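Structure at a glance
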Amino acid sequence: MSVAAEPINEKAERNEQLALAVSDARKSYLGKKALNGVSLQLRAGEHLALLGPNGAGKTTLLRCISGRVKPESGRFELLGKRLTDNNRHSLGIVPQEIALYPKLTARENLEVFGRLYGVPQPKIRERVRWALQWTDLNDRANDLSNTFSGGMKRRLNIAAGILHRPAVILLDEPTVGVDPQSRERIFEMLEELRCDGASLLLTTHQLEDAEAHCDRIVIIDHGSVVANGTRNDLIESTIGSKRQMSVRVDRVPTAPIPGFTLNDNSMRLETVLDDVAKDMPPLLNLLASSGYVVEDVDIRAPSLQNVFLKLTGRELRE
């Protein structure tokens with residue numbers, strides 16, 4: 001459900017500049033480097049995904065940008081100006097932890113956060129009304145937030161963090177622990193914000209979310225940026241565009257089959273295709289002429305997960 005919202009401040013100005021720029025950010029804890037010279041840029045109107053294994057430095061970077069953690073060095077610019085407490089109001093922060101008052105209603109929570117963010121008193125009621133519509137929580141406006149489902153709390157948590165209509169929004173795992181329907185609704189909400197002029201920096205453990213919803217991806221590991229680009233750019237520059245083909249035959253092969261890799265005591269054969277339409281038919285014909293019956297064929301395109309494992313050597317949830 002799209003709900004009209006007032007334009008975001010400085011939208012016209014941001015069309016000609018970067019929304020956020022981080023250069024050579026460094027931060028250590030007890031001698032361990034959490035950020036080791038991280039640099040990234042968030043373009044105006046962009047939805048940027050920040051990916052990395054647990055402990056890679058994602059949350060530390062967001063906390064440095066938001067002012068919750070003081071970096072040891074680095075330059076941070078917001079809307080073309082050095083980021084300080086004087087212009088940090090143009091940031092919206094949505095933490096991974098639910099930051100709601102459990103004994104307040106949805107409406108009361110929004111009113112409190114509106115005042116905390118300095119929304120002028122005459123506008124708070126209007127902003128709260130918009131937020132309740134935007135989050136699909138109108139019917140639960142007067143219910144205590146501790147009675148809400150996980151997805152409802154997440155939606156209200158996002159609304160609380162952007163009630164002041166910030167130009168740049170930092171979201172740390174905004175869909176963690178929610179069901180697929182709630183996750184999809186949250187991304188619809190984020191797209192509405194972007195259409196209204198916001199620039200979004202998102203950390204997530206859901207690779208499919210980054211692929212489906214983000215314009216560009218930055219991968220961070222051991223406190224350093226190891227890759228930066230669109231999904232297709234990252235695939236092409238790391239693992240290439242070849243397809244993986246897996247074929248299950250009716251019996252375990254007893255001798256090598258040209259073009260295929262055999263798995264020990266398995267009826268499944270593996271190969272790589274440069275061109276599916278050109279390369280697959282001769283391979284299947286070879287199996288048939290060798291007396292095998294093909295029972296199943298699975299072709300997989302290279303994915304962001306393949307890129308991630310290639311670059312970090314670890315599963316995202318490690």
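Shown above is the structure to which this text applies.
Small disclaimer: the values here were computed from a predicted structure and weren't measured.

**What about the overall build of the chain?**
Assigned secondary structure in the chain consists of ten helices and 14 strands. If one aligns the C-alpha atoms of the chain with their principal axes, the spans along those axes are about 80 × 45 × 40 Å. Looking at the chain as a whole, 46% of its 318 residues are labelled buried. If you take every contact in the chain between residues at least 6 apart in sequence, the share linking residues at least 24 apart comes to 70%. As displayed, the chain has an accessible area near 15,500 Å², and 47% of this comes from carbon and sulfur atoms. Distance between charge centroids for the chain: 6 Å, based on 42 positive and 42 negative side chains.

**Notes on the pattern of salt bridges**
A full pass over the atoms with the stated rule returns 21 salt bridges. Where Arg 183 meets Asp 209, a salt bridge forms, and the shortest distance between an N and an O atom there is 3.2 Å. Residue Arg 183 is found in helix H6 (residues 180–195), and its partner Asp 209 is found in helix H7 (residues 207–213); the two are separated by 26 residues along the sequence. Ionic contacts of the salt-bridge type, sharing partners, join the residues Asp 136, Arg 185, Glu 188 and Glu 192 into one network.

**Considering the state of the cysteines**
Under the counting rule described, the total for this entry stands at zero disulfides. There is no disulfide at Cys 214, and the cysteine sulfur nearest it, in Cys 195, is 14 Å away. Under the relative-accessibility criterion, Cys 214 is labelled buried at 11%.

**Focus: unusual backbone geometry**
Positive phi, normally seen in glycine, also occurs at Arg 165, with a value near 60°. With respect to the element layout, Arg 165 can be found in the loop between helix H5 (150–161) and strand S7 (168–172). Owing to a relative accessible area of 6%, Arg 165 belongs among the buried residues under this scheme.

**Focus: the sheet that holds strand S5 (residues 81–82)**
Overall, antiparallel pairing links the four strands, which are arranged S2-S1-S4-S5 in an open sheet. Where the open sheet ends on each side, the last strands, each with one partner, are strand S2 (32–43) and S5.

**A word on the packing of aromatic side chains**
Following the criterion strictly, the structure yields two aromatic pairs and no others. Between Tyr 101 and Phe 113, the aromatic rings sit 5.9 Å apart at their centres with planes inclined by 45°, giving tilted as the arrangement. Here Phe 113 lies in helix H3 (residues 106–116) and Tyr 101 lies in the loop between strand S6 (91–94) and H3, a separation of twelve residues in the sequence. The exposure class assigned to Tyr 101 is partly exposed, which follows from its relative accessible area of 39%. On the accessibility criterion, Phe 113 (12% relative accessible area) is buried. Judged by centre distance (5.0 Å) and plane angle (15°), the rings of Trp 130 and Trp 134 are stacked. Linking Trp 130 with Trp 134, this pair stays in helix H4 (residues 121–134), spanning four residues, or about one helical turn. Judged by relative accessible area, Trp 134 falls into the buried class, the value being 1%.

**Overview of a nonpolar patch on the surface**
A cluster of nonpolar side chains, namely Val 294, Val 297 and Ile 299, defines an oily patch on the protein surface of about 180 Å² accessible area. Along the polypeptide, Val 297 turns up in strand S14 (residues 294–300). Relative accessible area serves as the criterion here: at 34%, Val 297 is assigned to the partly exposed category.

**So, the side chain of Thr 204**
The topology assignment puts Thr 204 in the loop between strand S8 (199–203) and H7. Among the polar contacts made by the side chain of Thr 204, one reaches the main-chain amide nitrogen of Gln 206 at a distance of 2.9 Å.

**Quick notes on the sheet that holds S7**
Here six strands make up an open sheet; going across it, the order is S6-S7-S8-S3-S9-S10 and the pairing mixed. Two strands bound the open sheet, and with one partner strand each, they are S6 and strand S10 (224–229). Averaged over all pairs of adjacent strands, the angle between strand axes in this sheet comes to 15°, irrespective of strand direction. In terms of strand pairing, S7 meets S8 through five bridges, oriented parallel. Residue Leu 170 lies in a different strand from S8, and its bridge partner there is Leu 201. Where helix H10 (residues 304–312) meets the sheet, its contacts fall on strand S3 (47–51), strand S9 (216–221) and S10, and the angle it forms with S9 comes to roughly 30°.

About the cut-offs
- Residues numbered from 1 in each chain as written.
- Predicted model: local features only at pLDDT ≥ 70, side-chain atom pairs only at ≥ 80, totals over all residues.
- Heavy atoms only, no water.
- Helix = DSSP H or I, 4+ residues; strand = E, 2+ residues; numbered from the N terminus.
- Buried < 20%, exposed > 50% of the residue type's maximum accessible area, 1.4 Å probe, protein only.
- Contact = heavy atoms within 4.5 Å.
- Areas by Shrake-Rupley, 256 points an atom, 1.4 Å probe, with all protein chains shown as cover.
- Lys, Arg positive; Asp, Glu negative; His and termini not counted.
- Charge placed at Lys NZ, Arg CZ, Asp CG, Glu CD.
- Salt bridge = Lys/Arg side-chain N within 4 Å of Asp/Glu carboxyl O.
- Disulfide = S-S within 2.5 Å.
- Pairing = 2+ DSSP bridges.
- Phe/Tyr/Trp six-rings, centres within 6.5 Å; stacked < 30°, edge-to-face > 60°.
- Patch = residues over 30% accessible without salt bridge, like charges linked within 9 Å, V, L, I, M, F, W, Y side chains within 5 Å.
- Polar contact = N/O pair within 3.5 Å; in protein donor to acceptor, adjacent residues only side chain to side chain.
- Axes fitted to C-alpha atoms, helices over the stretch in contact; angles between N-to-C directions.

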